[in-house]
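# Analysis of the macromolecular model
Residue strings, one per chain:
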Amino acid sequence: NARGLWPRGLEEAEASPMNTPPSMSRPSFFEVSAAERLTEGLRPALQHILTTLSNHVPPLAMLAQRGDEVFYLMCFLLDRHYLKTHNASFAENFYCLKRVKVLPDDTKAPLDDRDRLGAVVCLSGVPYVRSKLEAYYNETNLNLQAFPHNDGSWMTFFRKSFVKLYPYAALVYEGLEYMHAIQYVMGTTRHFSPLTLLLNQRVERLTMADMLRHQRGGGHKPNAVTARPGARNPMESAWQQGTVTRVSIAAKVFAILSRIGNLMADNAKWAVYLGVFVIRFLQWWYSPENQQRNEVPLATPPPPPPAVKHPRGVAIPEDKSKCPLCLRTRVNAALLPSGFVFCYTCVFNHLKDHGTCPVTLRPCRIGELRKIYES
């Protein structure tokens, strides 16, 4: 029955979690590219939030000025937690991906603590250093263009050398990333980024065994002490033996904060979903179309008084369907700003010759002539 098959299937899936066929475990280009772009997409949103908060709470202006540090520190803590619990960064886990270690014989193994440390440094440290170098390059380049004089100091020499060499270094790095992406699309490599190749790591899709293992309480196997049947927690034994008499308040506070931080990190992906919904809702709410729809319509203004006939103007026929110029039934009616209607051909020739309304003699241009449709 189903109850009997579920544990058996779970045991079989957990028995060989690393033997997934390459065609199934290899993510597409769009999956890994979206995972890389997700984190950078959250950066301007956080900067906007910090700037808005600093406008209302001036003491928070320092956080807005240090937006890069705040953002990459949050990324570091978030990726560190997800690498520890899911063997993937936050963005990779968001797209149901994971990281595995590639051994020299091209077999796979789970990440250890050293692999996780290298991954979190590449995920958060390298982008932070690149952003700081880019900002320093832009600032230094502007300063050298504004003050091109050379005082002969070593600092000026360093700045000029940096401005000349940094674009080439950035070009080489971005070229390597581009070549790896092309090779990944062509199927000649399984490393999407040169950093994962440097770390001997690979990004793959989550398997059913990974998901089931996480639902059962995490992706790490218990240690040798607590895994043995009947094994006792060392802290519990110490309490029973009386060797531990008290736990410091600082340790309790740290444990509570750690649990709160882990809970927030585990639910960060739902915060992303909610944030995207809120941003889209605010964009719609403050859109010009919605603002116009919510505005109270103004009262219709009264019509302007009718134009007065000039003494030297043409006479207005009693039959309103006739043209005042040709005194025949209007053909292809046209309206002037004065409110009088004529045949289009008649009034067009009159405006061309005189430039005034035939009835009121007010100045009028051909461009102000409006075609109307009579039923």
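Summarised in this report is the structure supplied together with it. What you see is a predicted model, and the numbers here were worked out from it, not measured in a lab.

A count of helices and strands for the protein gives 16 helices and 6 strands. Restricting the contact set of the protein to residue pairs at least 6 apart, pairs at least 24 apart contribute 58%.

We now examine the sheet that holds strand β6 (residues 370–371). Strand order in the open sheet formed by 3 strands is β5-β4-β6, and the pairing between neighbours is antiparallel. With partners counted over all chains shown, the strands left at the sheet margins are β5 (341–343) and β6, one partner each. The pairing of strand β4 (residues 333–335) with β6 spans 2 bridges and is antiparallel. Bridging from a neighbouring strand, L335 pairs with R370 of β6.

A few words now on the packing of helix α3 (residues 29–56) against helix α5 (residues 67–86). Each packed pair of helices is defined by two parameters, the angle between the axes and the distance between the axes. Where α3 meets α5, the closest approach of the two axes is 10 Å, and the angle between their N-to-C directions is 130°. Accordingly, the angle class assigned to the pair α3 and α5 is oblique. In this structure, α3 meets α5 at a crossing whose hand is right-handed. Here T39, E40, L42, R43, L46, Q47 and L50 of α3 come into contact with α5, specifically with G67, D68, V70, F71, Y72, M74 and C75. Here the contact of α3 with α5 is composed, by residue class, of 8 nonpolar, 3 polar and 3 charged.

Attention shifts here to empty space enclosed by the protein. Scanning the entire structure with this criterion turns up 1 cavity of 30 Å³ or more. Per-element tally for the lining of the largest cavity: the top contributor is strand β3 (residues 201–205), with 3 residues. A breakdown of the residues in the lining of the largest cavity according to their chemical character gives 4 nonpolar, 3 polar and 2 charged.

Pairing within the open sheet is antiparallel, and its 3 strands lie in the order β2-β1-β3. The open sheet terminates on both sides in strands that have one partner only, identified here as β2 (108–109) and β3.

Nonpolar side chains in soluble globular proteins tend to end up buried together. Within the largest apolar cluster, 13 residues are counted, with the highest numbers of intra-cluster contacts made by L336, F342, V347, L351 and L369. Taken together, the elements giving at least two residues each to this core come down to β5 and α16 (344–353). Setting aside chain neighbours within four positions, we find V347 in contact with L325, A334, L336, F342 and L369. Counting residues in each nonpolar core, the second largest holds 12 residues, with A35, F94, A181 and Y184 among its members.

The next point concerns the environment of C323. Structurally, C323 is set in the loop between α15 (288–294) and β4. Taking the relative accessible area as the measure of exposure, C323 reaches 0% and is therefore buried. Each C-alpha atom, one on C323 and one on F342, is 4.8 Å from the other, the two residues being 19 residues apart in sequence. Those residues within four positions of C323 in sequence are excluded, and the remaining contacts are P317, R328, R330, F342, C343 and C346.

Taken together, the side chains of Y178, M179, I182, V185 and M186 present a nonpolar region at the surface, about 540 Å² in accessible area. With respect to the secondary-structure elements, M179 resides in helix α8 (residues 154–186).

Moving on: the pairing of β3. With respect to burial, β3 is a largely interior element, 4 of its 5 residues being buried. Taken together, the 5 bridges between strand β1 (residues 97–102) and β3 define a ladder with antiparallel strand orientation. For V100, the partnering residue across the bridge sits in β3 and is R202.

Bringing the environment of S33 into the picture now. Along the polypeptide, S33 turns up in helix α3. With a relative accessible area of 17%, S33 lands in the buried category. Through-space distance from the C-alpha of S33 to that of F192 is 8.6 Å; in sequence the pair is 159 residues apart.

So, about the pattern of salt bridges. Per the stated rule, a full pass over the model turns up 17 salt bridges. The salt bridge involving R130 is made with E174; its shortest N-O contact spans 3.5 Å. Here E174 lies in helix α8 and R130 lies in helix α7 (residues 113–146), a separation of 44 residues in the sequence. Taking the relative accessible area as the measure of exposure, E174 reaches 42% and is therefore partly exposed. In this structure, E177 engages R130 in a salt bridge whose closest nitrogen and oxygen atoms are separated by 3.8 Å. Here the residue E177 occupies a position in helix α8, and R130 occupies one in helix α7, the gap between them amounting to 47 residues. Overall, E177 belongs to the partly exposed group, its relative accessible area being 27%. The network of salt bridges with shared partners includes E40, R43, R66, D68, E69 and K132.

Cut-off values and rules
- Residues numbered from 1 in each chain as written.
- Predicted model: local features only at pLDDT ≥ 70, side-chain atom pairs only at ≥ 80, totals over all residues.
- Heavy atoms only, no water.
- Helix = DSSP H or I, 4+ residues; strand = E, 2+ residues; numbered from the N terminus.
- Contact = heavy atoms within 4.5 Å.
- Pairing = 2+ DSSP bridges.
- Axes fitted to C-alpha atoms, helices over the stretch in contact; angles between N-to-C directions.
- Parallel < 35°, antiparallel > 145°, perpendicular 65-115°, else oblique.
- Left-handed = near helix turned anticlockwise from the far one by under 90°.
- Nonpolar A, V, L, I, M, F, W, Y, C, P; charged D, E, K, R; others polar.
- 1 Å grid on protein atoms, 1.4 Å probe; cavity = no way out; pocket = protein on both sides within 12 Å on 5 of 7 lines; lining within 4 Å.
- Points joined across faces, edges and corners; volume = space filled by probe spheres on them.
- Core = buried A, V, L, I, M, F, W, Y, C linked by side-chain atoms within 4.5 Å.
- Buried < 20%, exposed > 50% of the residue type's maximum accessible area, 1.4 Å probe, protein only.
- Patch = residues over 30% accessible without salt bridge, like charges linked within 9 Å, V, L, I, M, F, W, Y side chains within 5 Å.
- Areas by Shrake-Rupley, 256 points an atom, 1.4 Å probe, with all protein chains shown as cover.
- Salt bridge = Lys/Arg side-chain N within 4 Å of Asp/Glu carboxyl O.

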